[in-house]
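As a plain string of letters, each chain reads:
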Amino acid sequence: MKIQIINGPNLNLLGVREPGIYGSNSFESYLPKLKEKFPDVEIEYYQSNIEGELINKLQEVGFSYDGVVLNAGAYTHTSIALQDCIRSLKCPCVEVHISNVHKREEFRHHSYISCACLGVICGFGLASYDLAIAGIIANK
Ligand code: DQA
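These numbers come from a predicted model, not from an experiment.

Student: Which residues make up the overall build of the chain, and what are the values?
Tutor: The helix and strand inventory of the chain stands at five helices and five strands. Starting at the N terminus and ending at the C terminus, the chain contains elements arranged as β-α-α-β-α-β-α-β-β-α. The principal-axis extent of the C-alpha atoms belonging to the chain is close to 35 × 35 × 25 Å. Taking all 140 residues of the chain together, 47% fall into the buried category. For the chain, contacts bridging at least 24 residues in sequence account for 77% of all contacts bridging at least 6.

Take a look at the structure:
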């Protein structure tokens, strides 16, 4: 089983960026722990701050992998292009957020991508990614 994790804008700054909201661990330091939890799953990781590059990666993996875990960052709340892309893929995509976006500013309450995703996980810190992978496995 192959799953692609994709992180969007500013998530390269995890551990440094607003640690009160996003925690003090980088994604790179969390990834080995995540891989240990799912020894039977091949987990790939990609991050970009650029919307078109996220779309390119989704198109690259979305017809051959078993699932995508996508934290689109702020593009979640703005991007119809990401919604269209996710709708076009063959594999399921799970939307994740580290923070509980519904407890935050109102502009974070709407997602343009949820309606194209298999499910949405938010508010569990980096464990949101574990839960998203478990969701893809459960849906297989
Ligand atoms: C986020 C929530 C978004 O609203 C925000 O723009 C992010 C991170 C999260 O993981 O909690 O960049 O997706």
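Student: Can you break down the pairing of strand S3 (residues 67-71) residue by residue, with the values?
Tutor: Extensive coverage of S3 is indicated by the burial of five of its five residues. Burial along S3 is two-sided: Gly67, Val69 and Asn71 facing one way and Val68 and Leu70 facing the other are all buried. By the bridge criterion, five bridges tie strand S1 (residues 2-7) to S3 in an arrangement that is parallel. If you follow Asn7 over to S3, its bridge partner there is Asn71. With three bridges joining them, S3 and strand S4 (residues 93-97) adopt parallel strand pairing. From the neighbouring strand, Val68 faces S4, where its bridge partner is Cys93.

Student: Provide a residue-level description of the UniProt feature "transmembrane region" (unreviewed entry) in the chain, including the pertinent values.
Tutor: When the UniProt feature table is mapped onto this chain, "transmembrane region" (unreviewed entry) is found at residues 112-138. Taken end to end, residues 112-138 comprises 44% helix and 15% strand; its first and last C-alpha atoms sit 24 Å apart.

Student: A description of the UniProt feature "active site" (unreviewed entry) in the chain should follow, citing residues and the corresponding values.
Tutor: Cross-referencing UniProt, the feature "active site" (unreviewed entry) maps to Tyr22 and His97 in the present numbering. Taken along the chain, the residues just named run across 76 residues; in space they keep tight, none of their C-alpha pairs more than 9.6 Å apart. Summarising the element assignment, Tyr22 is placed in helix H1 (residues 19-22). In this view, Tyr22 contacts Leu14, Arg17, Ile98, Ser99, Arg104 and Arg108; residues no more than four positions away in its chain are not counted. His97 has contacts with Asn71, Thr76, Ile121, Cys122, Gly123 and Ser128, leaving out every residue within four places of it along the chain.

Student: Provide a residue-level description of the sheet that holds strand S5 (residues 119-122), including the pertinent values.
Tutor: The strand order S2-S1-S3-S4-S5 describes an open sheet built from five strands, whose pairing is parallel. The sheet terminates laterally at strand S2 (42-47) and S5, the two strands that pair on one side only. Across the sheet, the mean angle from the axis of one strand to that of its neighbour is 20°, orientation sign disregarded. Here S4 pairs with S5 via four bridges, running parallel. The partner of Glu95 across the bridge, within S5, is Val120. Packing against the sheet, helix H5 (residues 127-139) makes contact with S1, S2, S3, S4 and S5, and its axis sits at approximately 155° to S3.

Student: Please set out unusual backbone geometry residue by residue, giving values where relevant.
Tutor: Phi at Asn10 takes a positive value of approximately 75°, unusual for a residue other than glycine. Structurally, Asn10 can be placed in the loop between S1 and H1. Its relative accessible area of 37% is what places Asn10 among the partly exposed residues.

What counts as what
- Residues numbered from 1 in each chain as written.
- Predicted model: local features only at pLDDT ≥ 70, side-chain atom pairs only at ≥ 80, totals over all residues.
- Heavy atoms only, no water.
- Helix = DSSP H or I, 4+ residues; strand = E, 2+ residues; numbered from the N terminus.
- Buried < 20%, exposed > 50% of the residue type's maximum accessible area, 1.4 Å probe, protein only.
- Contact = heavy atoms within 4.5 Å.
- Pairing = 2+ DSSP bridges.
- UniProt positions renumbered as here; feature names shortened; annotations may be inferred.
- Axes fitted to C-alpha atoms, helices over the stretch in contact; angles between N-to-C directions.

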